[in-house]
Amino acid sequence: MPGNERVSRLLKIIIQKPGNDACADCGAPDPSWGSCSLGVFICVQCSGIHRNIPDIGMKVKSLSLSRWEDQEVKFMAENGNELMKQKYEAFVPVYYYKPTHKDCQVLREQWIRAKYERKEFTGVGKKQTYEEGTRDGMLMKRGRDNGQFLNRRFVLSEREGTLKYFTKYDAKEPKAVIKVDSINAAFQPEKIGNPNGLQITYLKDYNTRNIFLYHDNGKEIVDWFNSIRAIQLHYLKVAFPGANDAELMPKLTRNFLKEGYMEKTGPRHTEGFKKRWFTLDHRRLMYYKDPLDAFAKGEAFLGHQDHGYRASPGLPAGTHCNGAWQHGITIVTPERSFLFTCETEAEQQDWLKHFNDVISIQMSPQEYSMEAMFRHKH
């Protein structure tokens, strides 16, 4: 049997070992690359990040296209994803966001660099920058009215439980004080138009407010993100003393379930259909004139199906649909019905799947109080 065929067969056997069938860094299935300097199997996207890191990038090889030496194959067999995880992820803080293959480049790159280049999680008792309880620095923030990004000073404090921002570095009074337990932070590179774009969403007087940020340095923005998560977990542990980490983790920052354009009509269903940008944040469906608006034009709460919430395809008979889009969705709530149209059937089906997933989940006590607040507000 020629050498290369034998090597290929050996690699196929090694990759079947537990843990080797998913990328060591982002969990993508069926990794097609290997790092002979680390002994881990990785996906093609993560292999590109590995290649750019001097200490570890030298020996990244395709499992099917590259020529492998016998000692490299032996090294992969002796190490592998599970063993290296025990070494490089030994002390990952519980709140630290471990990206998946669906996450953006900056999150994945900084996770890989934190693990192998900076070795942040190998030693017990290493003091991480995002564990200091306070963070103070400059971030680029999008202006609410003019859309320009300007340098603003941000201060995060565990003691006060707040994130503040100041229009000038030496300003005495903050422009805004945001309670850290009301924050959601989500990376939005496409929407913000910057690879390190971060959207911070919070409640202000029962209204959702968005601010859009970035920093030129990827490590800096990911450190801010994990610092927010660290402080949020501290506050949740105080608020829910009986809860364990697994119950609290989903309450930290989360990606939106879905975003995109639909057309909608008004409460009387006689108004024209207008194109709006929609964001589904678990039970809250918000709509905006523009994806980068500071405030939502309106929002709907999606409760549980046993309480009169329903989402179905199509529009009620007799609805005058003057918009360009024909694929309708009707959401029924105890207060009113919302009518939307989507550009394609695929979009309609995807939105419906998300709506029905949410409506079928039992509500938590916090969500009942949010529903009551919604009814009071609307």
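Residues numbered from 1 in each chain as written. Predicted model: local features only at pLDDT ≥ 70, side-chain atom pairs only at ≥ 80, totals over all residues. Heavy atoms only, no water.

Draft legend 1. A look at the overall build of the protein chain. Per the secondary structure count, the protein chain includes ten helices and 17 strands. For the protein chain, the spread of C-alpha atoms along the three principal axes comes to 75 × 55 × 45 Å. Within the protein chain, the proportion of its 378 residues that are buried is 50%. Taking as baseline every contact in the protein chain between residues at least 6 positions apart, the subset at least 24 positions apart corresponds to 52%. Charge centroids of the protein chain, computed over 55 positive and 47 negative side chains, lie 2 Å from each other. (Helix = DSSP H or I, 4+ residues; strand = E, 2+ residues; numbered from the N terminus. Buried < 20%, exposed > 50% of the residue type's maximum accessible area, 1.4 Å probe, protein only. Contact = heavy atoms within 4.5 Å. Lys, Arg positive; Asp, Glu negative; His and termini not counted. Charge placed at Lys NZ, Arg CZ, Asp CG, Glu CD.)

Draft legend 2. View of the UniProt feature "domain: PH" (unreviewed entry) in the protein chain. This chain's UniProt record puts "domain: PH" (unreviewed entry) on residues 132–233 and 255–360. Annotated as residues 132–233, this span is 20% helix and 45% strand, and its ends, taken at the C-alpha atoms, are 14 Å apart. Helix makes up 14% of residues 255–360 and strand 38%, with an end-to-end C-alpha separation of 20 Å. (UniProt positions renumbered as here; feature names shortened; annotations may be inferred.)

Draft legend 3. View of the side chain of Glu371. You can see Glu371 is positioned in helix α10 (residues 365–377). With residues up to four places along the chain from it excluded, the contact list for Glu371 reads Phe301, Tyr309 and Met363.

Draft legend 4. Local environment of the packing of helix α5 (residues 105–117) against helix α7 (residues 218–239). Contact pair α5 / α7: the axes reach a minimum separation of 10 Å and the direction vectors enclose 90 degrees. In terms of their interaxial angle, α5 and α7 are classed as roughly perpendicular. Note on element contacts: α7 touches α5 through Gly218, Lys219, Ile221, Val222 and Phe225, opposite Val106, Leu107 and Gln110. Of the residues that constitute the contact of α5 with α7, the class distribution is five nonpolar, two polar and one charged. (Axes fitted to C-alpha atoms, helices over the stretch in contact; angles between N-to-C directions. Parallel < 35°, antiparallel > 145°, perpendicular 65-115°, else oblique. Nonpolar A, V, L, I, M, F, W, Y, C, P; charged D, E, K, R; others polar.)

Draft legend 5. Up close: the pattern of salt bridges. Overall, the coordinates contain 23 salt bridges when judged by the stated rule. In this structure, the salt-bridge partner of Asp350 is Lys258, at a minimum N-O distance of 2.9 Å. Of the two residues, Asp350 is situated in helix α9 (residues 345–359) and Lys258 in strand β11 (residues 258–264); the sequence distance between them amounts to 92 residues. Asp350 sits in the partly exposed class, given a relative accessible area of 28%. Here Arg283 ties to Glu367 by a salt bridge, and the two come within 3.0 Å at their closest N and O atoms. Of this pair, Arg283 sits in the loop between β12 (274–281) and β13 (284–288) while Glu367 is found in helix α10, placing the two residues 84 residues apart along the sequence. A single burial state applies to Arg283 and to Glu367, both of which are buried. (Salt bridge = Lys/Arg side-chain N within 4 Å of Asp/Glu carboxyl O.)

Draft legend 6. Local environment of the packing of aromatic side chains. Throughout the structure, instances matching the rule amount to 18 aromatic pairs. On the numbers, 6.4 Å between centres and 70 degrees between planes, the contact of Phe301 with Tyr309 is edge-to-face. The exposure classification of Phe301 matches that of Tyr309, with both residues buried. Put simply, the rings of Phe278, Tyr287, Phe338, Phe340, Trp351 and Phe355 pair up and form one aromatic cluster. Over the ring of Phe240 we find Lys251; its NZ or CZ atom is 5.2 Å from the centre of that ring. Here Lys258 stacks its cationic end above the ring of Trp351, 5.0 Å away from the centre of that ring. (Phe/Tyr/Trp six-rings, centres within 6.5 Å; stacked < 30°, edge-to-face > 60°. Lys NZ or Arg CZ within 6 Å of the ring centre and 35° of its normal.)

Draft legend 7. Layout of the sheet that holds strand β3 (residues 60–62). The three strands lie next to each other as β2-β1-β3, forming an open sheet whose pairing is antiparallel. Every other strand in the sheet has two partners, leaving β2 (40–42) and β3 as the edge strands with one partner each. Each strand axis lies, on average, 30 degrees off the axis of its neighbour in the sheet, ignoring direction. Taken together, the three bridges between strand β1 (residues 33–35) and β2 define a ladder with antiparallel strand orientation. Paired with Gly34 across the strands is Phe41, a residue of β2. (Pairing = 2+ DSSP bridges.)

Draft legend 8. Structural context of the sheet that holds strand β14 (residues 298–301). The sheet built from seven strands is open, its strands ordered β14-β13-β12-β11-β17-β16-β15 with antiparallel pairing. For this open sheet the edge positions go to β14 and β15 (310–313), each flanked by a neighbour on one side alone. Taking each pair of neighbouring strands and ignoring which way they run, the sheet shows an average axis angle of 35 degrees. Summarising the sheet, strand β16 (residues 327–332) and strand β17 (residues 337–342) pair through six bridges and their orientation is antiparallel. Within the sheet, the bridge partner assigned to Ile329 lies in β17 and is Phe340. Sheet strands touched by α9: β11, β12, β13, β15, β16 and β17. Its angle to β11, the strand with the most contacts, is close to 110 degrees. Sheet strands in contact with α10 are β13 and β14, and its direction is about 135 degrees off that of β14.

Draft legend 9. Representation of α9 within the structure. Taking 1.5 Å of rise per residue, the 15 residues of α9 would be expected to cover 21 Å, and the 21 Å separating its terminal C-alpha atoms lies within 8% of that figure. Buried within α9 are the following residues: Gln348, Trp351, Leu352, His354, Phe355, Val358 and Ile359. Each buried residue of α9 lies within a common arc of 165 degrees when the element is viewed along its axis, so the set occupies one face. Exposed residues on α9 whose side chains face more than 90 degrees from its buried face are Ala346 and Lys353. In this fold, the buried residues of α9 make contact with β11, β12, β13, β15, β16 and β17. (Expected span 1.5 Å × (residues − 1). Arc of directions from axis to C-beta.)

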